[in-house]
Amino acid sequence: MGILTIGTFASLVGSMNLDFVVKLAATALDKGHEVNLWLSGNSTVLVNKDQKEFKDYSHPGVMLPELIDKGLKVVVCEACAMARGVPKEKAIDGVTYTSMDWYLAYGAKGDRLLHIGRE
Amino acid sequence: MNLALFVSDLRFNQETLDRVTASNLGVFLVENGVYHAVLKEGGSPSAVLEKEGATVYVLNEDLETRGFSGDEVDDRAKVISMSDLVDLIMNDYEKLAWL
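Residues numbered from 1 in each chain as written. Chains lettered and ligands numbered in written order. Predicted model: local features only at pLDDT ≥ 70, side-chain atom pairs only at ≥ 80, totals over all residues. Heavy atoms only, no water.

Let's talk about the side chain of Ser8(B)
Residues and elements named next belong to chain B. Just so we agree on the cut-off: For the purposes of this entry, the term helix denotes a DSSP run of H or I that reaches at least four residues, the term strand denotes a run of E that reaches at least two, and both are numbered from the N terminus. The cut-offs for exposure are 20% and 50% of the maximum accessible area for each residue type, with area from a 1.4 Å probe on protein chains only; residues under the lower value are buried, those over the upper are exposed, and the others partly exposed. Polar contact is defined as a pair of N or O atoms within 3.5 Å, subject to the rule that within protein one atom must be able to donate a hydrogen and the other to accept it, and that residues adjacent in sequence are counted only when both atoms are side-chain atoms. Contact criterion: two residues are considered in contact whenever any of their non-hydrogen atoms come within 4.5 Å of each other.
Topologically, Ser8 is positioned in the loop between strand E1 (2-7) and helix H1 (14-19). On the basis of relative accessibility, which here comes to 10%, the residue Ser8 falls in the buried class. At 3.0 Å, the side chain of Ser8 forms a polar contact with the backbone oxygen of Leu99. Sequence-distant contacts of Ser8, defined by excluding residues within four places in its chain, comprise Val30, Glu31, Asn32, Gly33, Trp98 and Leu99.

Structural notes on the interface of chain A and chain B
Our working rule: Accessible area, probed at 1.4 Å, shrinks when two parts are joined; the buried area is that loss added up over both. Here, a salt bridge means any Lys or Arg side-chain nitrogen found within 4 Å of an Asp or Glu carboxyl oxygen. Residues are grouped as follows: Ala, Val, Leu, Ile, Met, Phe, Trp, Tyr, Cys and Pro are nonpolar; Asp, Glu, Lys and Arg are charged; every other residue, Gly included, is polar.
Taken together, the contact between chain A and chain B spans 19 residues of the former and 20 residues of the latter. Each partner contributes to the roughly 1,600 Å² buried at the junction of chain A and chain B, and carbon and sulfur atoms together form 69% of this total. Summed over the shared surface of chain A and chain B, the result is one salt bridge. The salt bridge partner of Lys31(A) is Asp87(B), with a shortest N-O separation of 3.2 Å. Here chain A is connected to chain B by five residue pairs in polar contact (both at pLDDT 80 or more). When contributions to the side of chain A that touches chain B are tallied by element, the ones reaching two or more residues are strand E1 (3-8), helix H1 (16-30) and strand E5 (112-116) of chain A. If one sorts the elements of the side of chain A that touches chain B by residue count, H1(A) sits on top with seven residues. Looking at the side of chain A that touches chain B, its residues break down into nine nonpolar, six polar and four charged.

So, unusual backbone geometry
Residue and element names in this part refer to chain B. Notably, Glu31 is not glycine yet its phi reads approximately 50°, a positive angle. Tracing the backbone through its elements, the reader meets Glu31 in the loop between strand E2 (24-29) and strand E3 (40-41). Its relative accessible area of 4% is what places Glu31 among the buried residues.

What about the sheet that holds E1(B)?
All names here are of chain B. The following threshold applies: In this description, strands pair whenever DSSP reports at least two bridges between them. Geometry is summarised by axes, namely lines fitted to C-alpha atoms with helices restricted to the contacting stretch, and by angles between N-to-C directions that run from 0 to 180 degrees.
The strand order across the open sheet built from five strands is E6-E5-E2-E1-E7, with neighbouring strands paired in parallel fashion. Strands with a single pairing partner mark the edges of an open sheet, and in this sheet they are strand E6 (77-80) and strand E7 (95-98). This sheet shows a mean twist of 25° between the axes of neighbouring strands, independent of strand direction. Examined bridge by bridge, strand E5 (residues 54-59) and E6 share four bridges and lie parallel to one another. Residue Leu59 lies in a different strand from E6, and its bridge partner there is Ile80. Seen against the sheet, helix H3 (residues 82-91) touches E1, E2, E5, E6 and E7 and runs at an angle of roughly 110° to E6.

Details of the packing of H1(A) against H3(B)
The criterion, for reference: The labels follow the angle: roughly parallel below 35 degrees, roughly antiparallel above 145, roughly perpendicular from 65 to 115, and oblique for the rest.
Axis separation between H1(A) and H3(B) bottoms out at 9 Å; the angle between their running directions is 75°. Comparing the axis directions of H1(A) and H3(B) gives the class roughly perpendicular. In contact with Phe20(A), Lys23(A), Leu24(A), Thr27(A) and Ala28(A) of H1(A), H3(B) contributes Met82(B), Ser83(B), Leu85(B), Val86(B) and Ile89(B).

Brief notes about the confidence of the model for chain A
Residues shown with low pLDDT carry predicted positions that ought not to be read at fine detail. Heads up, the rule is: Residue-level confidence of the predictor is summarised by pLDDT, bounded by 0 at the bottom and 100 at the top.
Looking at chain A as a whole, the pLDDT averages 91, with 98% of positions reaching at least 70. Across chain A, element-level confidence peaks in strand E4 (residues 95-98) of chain A with a mean pLDDT of 97 and bottoms out in helix H4 (residues 100-109) of chain A with 90.

Structure, rendered in C-alpha cells:
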C-alpha cells in the first residue's frame, strides 16, 4: 500500500473539486492506503462544523468525521482558515491546523501527490 | 515519466494538454471533464480523445451523476470506477497533475 497526499485550493461550499477529493480519499482509505488531505484557501471551509447541508449545495464535509476515524489525516492552513472565519474552535474534531510547510513535507514524503488548484 | 493528467472541466487549457509529453500518459476525465468522452461539438468529438499516445479514462461515478451511461462513451475512453482510479494512480502513474 502507499501514501497519497492530496492538496486542494478549491472553491467554497458546493465545490466539485472537494466532492471529488473526499470521494477519492474515502476510496483510497478503503483500499488500505494512507491518505493525507491538505486544505488551503477557500477549501478550508470544508471543516466548519456548523456548515449546514443544503439541498442545492453538496457539502462533503459531513463525511470527514467518519474518514478521520478511519485514519484520514486532515490538515488545514491556519492562516487561510482564520482569514475565512473558521478558527480551530469552529472546526470538526480531529483536524490539525498548521502552516504550508506541513504540506510540502508530506507531499515530498508520500508516494503520490495530487495538487488541485483554483476552481 | 508515468504521468496521470486529470481533466476536470469541459473548458480548460487545451494547449497545456497538447504540449504535455510523457513516456506513459494517462488522461483522467473527472467531474465536468467527463463531457469530453460523450459530447460532440460542431459534429466533432473532443480533441482530448485524439491526444497521441495517451490512454484516456473516464470516471463512471461522474458520468452517471450527469445522466450518461457507459455505452454513450466514445470508444477511445475507458470507463473506470473510483476504485480503479485509485489502483491506477497508486500503481501505474507516479506523477499526478490537474487541469
